[in-house]
Amino acid sequence: MNLKSPEEIEIMHQGGQKLSEVKKKVLGAIAPNVSAWDIEELVTREIEACGGKSSFKMVPGYKWSTCINVNDGVVHGIPKKELVFKKGDLVSVDMGIFYRGFHTDTSVSVYLGDDPKVQRFMEVGKKALKQGIKSFKKGNTVADITRAIQSELVNANYSPVYNLTGHGVGRELHEDPRVPLVISGSRDEKVKLEPGIVLAIEVMYAMGKGDIVLEDDGWTLSMKDGTISALFEETVALTSHGRIILT
Ligand code: MF3
Ligand code: CO
Ligand code: CO
């Protein structure tokens, strides 16, 4: 396991705060008639302006700073010019910053409509992330985080996207352990949570069954049954004084 020192967590906190500022700007910018490319440009500009680099551009083969998805698209969507948001869309934006040698990673979803069913869907996802984060504490294991997220989603009759996970984060964007959305008895679930662990806790979920398919662009993962999906993610560190949401 890849434990971070308090000094390293402090650096990650600096990067995370910068990413959090970028995320606020993204939240303010998502609206009907805005394109995914507009958001991509905003994120690239803001990350570079604060002395960081885009984490996602460092992933081999991926040339963009963001992953942007609408409705049944859940993760890894390429921010295309042709993707123009419209009223009623559920838009999610995933972004990461590499700052002073460390990555932090965060995602938000925004609903541009007024259907109470989708509004409830959004609230449940936010609550699932909140409950997952609350379970990130000394003495617990990764399974406790997984269980918290899974039960929040399943009790509301939604499906976790069981093939995707959160992850450790640090000098690499993706480190051990994985943070699954569904209990399966995996090795990752047995990892004991202790000071020095930094996790990107992610909630990917759908109104339907939660099965995913890869689109023809080779990146975008969408819901097989075409149902609405969303994604919420924060990078969180555990220190001897408790947990800190870095992003
Ligand atoms: N969705 C991933 C995460 O949050 C990162 C995207 S990698 C990319 O961990 F290459 F698709 F950008
Ligand atoms: Co992410
Ligand atoms: Co992530």
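Everything discussed here concerns the structure shown above.
Just so we're clear, the structure is a prediction, and the values are computed from it rather than from any experiment. (Residues numbered from 1 in each chain as written. Chains lettered and ligands numbered in written order. Predicted model: local features only at pLDDT ≥ 70, side-chain atom pairs only at ≥ 80, totals over all residues. Heavy atoms only, no water.)

J.: Can you tell me about the nonpolar core, naming the residues and giving the values?
T.: In this structure, V74, F136 and I201 are the most contacted members of the largest nonpolar core, which totals 39 residues. At the level of elements, β3 (73-75), α3 (116-134), α4 (142-155), β9 (198-206), β11 (221-223) and β12 (229-239) are the ones that each hand at least two residues to this core. The greatest single-element share of this core, amounting to seven residues, is contributed by α3. I201 has contacts with L129, G132, I133, F136, I145, I149, F232, E233, E234 and V236, leaving out every residue within four places of it along the chain. With 20 residues, the next largest nonpolar core counts V22, I47, V93 and L112 among its residues. (Core = buried A, V, L, I, M, F, W, Y, C linked by side-chain atoms within 4.5 Å. Buried < 20%, exposed > 50% of the residue type's maximum accessible area, 1.4 Å probe, protein only. Helix = DSSP H or I, 4+ residues; strand = E, 2+ residues; numbered from the N terminus. Contact = heavy atoms within 4.5 Å.)

J.: Quick rundown of the coordination of the cobalt ion (ligand 3)? Include the residues and the values.
T.: Surrounding the cobalt ion (ligand 3) are the protein donor atoms D105 (OD), H167 (NE2), E202 (OE) and E233 (OE), which sit 2.0 to 2.1 Å from the metal. Of note is the cobalt ion (ligand 3), whose six donor atoms meet at the metal with angles of 55 to 161° in an arrangement that counts as irregular. Along the chain, the residues donating to the cobalt ion (ligand 3) fall in the pattern D-x61-H-x34-E-x30-E. In this structure, the cobalt ion (ligand 3) is positioned 3.1 Å from the cobalt ion (ligand 2), and both are ligated by D105. (Donors = N, O, S within 2.8 Å, 3.2 Å for Na, K, Ca; no water. Tetrahedral: all angles 85-135°; square planar, octahedral: opposite > 155°, others 65-115°.)

J.: Can you break down the coordination of the cobalt ion (ligand 2) residue by residue, with the values?
T.: Distances from the cobalt ion (ligand 2) to its protein donors, D94 (OD), D94 (OD), D105 (OD) and E233 (OE), fall within 2.0 to 2.6 Å. Between consecutive donor residues of the cobalt ion (ligand 2), the sequence gaps follow D-x10-D-x127-E.

J.: Tell me about helix α2 (residues 36-49), residues and numbers included.
T.: In this model α2 runs 20 Å from its N-terminal to its C-terminal C-alpha over 14 residues, within 8% of the 20 Å that 1.5 Å per residue would give. Taken residue by residue, α2 has A36, I39, E40, L42, V43, T44, E46 and I47 as its buried positions. Where α2 is buried, its residues touch α1 (6-29), β1 (53-54), β2 (66-70) and β4 (90-99). One or two residues past the end of α2 sits G51, with phi positive at roughly 85°. (Expected span 1.5 Å × (residues − 1).)

J.: I'd like to hear about the sheet that holds strand β10 (residues 212-214), residue by residue, with values.
T.: Spatially, the three strands line up as an open sheet ordered β3-β11-β10, and their pairing is antiparallel. Two strands in the sheet have a free side with no partner beyond their single neighbour: β3 and β10. With direction set aside, neighbouring strand axes in the sheet form an average angle of 40°. Looking at chain direction, β3 and β11 are connected through two bridges and run antiparallel. Within the sheet, the bridge partner assigned to G73 lies in β11 and is S222. (Pairing = 2+ DSSP bridges. Axes fitted to C-alpha atoms, helices over the stretch in contact; angles between N-to-C directions.)

J.: Can you lay out unusual backbone geometry for me, pointing to particular residues and giving the numbers?
T.: For the bond running from D176 to P177, omega is -10°, close enough to zero to count as cis. Mapped onto the secondary structure, P177 falls in strand β8 (residues 175-180). We note that H76 has phi near 65°; this positive angle belongs to a residue other than glycine. As for its placement among the helices and strands, H76 is situated in the loop between β3 and β4. Overall, H76 belongs to the partly exposed group, its relative accessible area being 33%.

J.: Just give me the short version of the side chain of S92, but keep the residues and values in it.
T.: Its location among the elements puts S92 in strand β4. Each residue touching S92, except ones within four places of it in the same chain, is listed here: C67, I68, N69, V74, V108, S109 and L231.

J.: Break down the environment of K134 for me, with residues and values.
T.: Mapped onto the secondary structure, K134 falls in helix α3. Here the alpha-carbon distance between K134 and D105, two residues 29 residues apart in the chain, equals 18 Å.

J.: I'd like a description of the packing of aromatic side chains, backed by residues and values.
T.: Taken as a whole, this structure holds five aromatic pairs when the rule is applied. Considering the side-chain rings of Y62 and W219, the 4.8 Å spacing of their centres and the 75° angle between planes classify their relative orientation as edge-to-face. Taken together, the residues Y62 in the loop between β1 and β2 and W219 in the loop between β10 and β11 connect sequence positions 157 residues apart. A residue is classified by how much of its surface remains accessible, and Y62, at 4% relative accessible area, is buried. With a centroid separation of 6.3 Å and 50° between ring planes, the pair formed by Y158 and Y205 is classed as tilted. One end of the pair, Y158, is in the loop between α4 and β6 (159-160); the other, Y205, is in strand β9, and 47 residues separate them in sequence. Taken together, Y62, W64 and W219 form an aromatic cluster joined through their ring pairs. (Phe/Tyr/Trp six-rings, centres within 6.5 Å; stacked < 30°, edge-to-face > 60°.)

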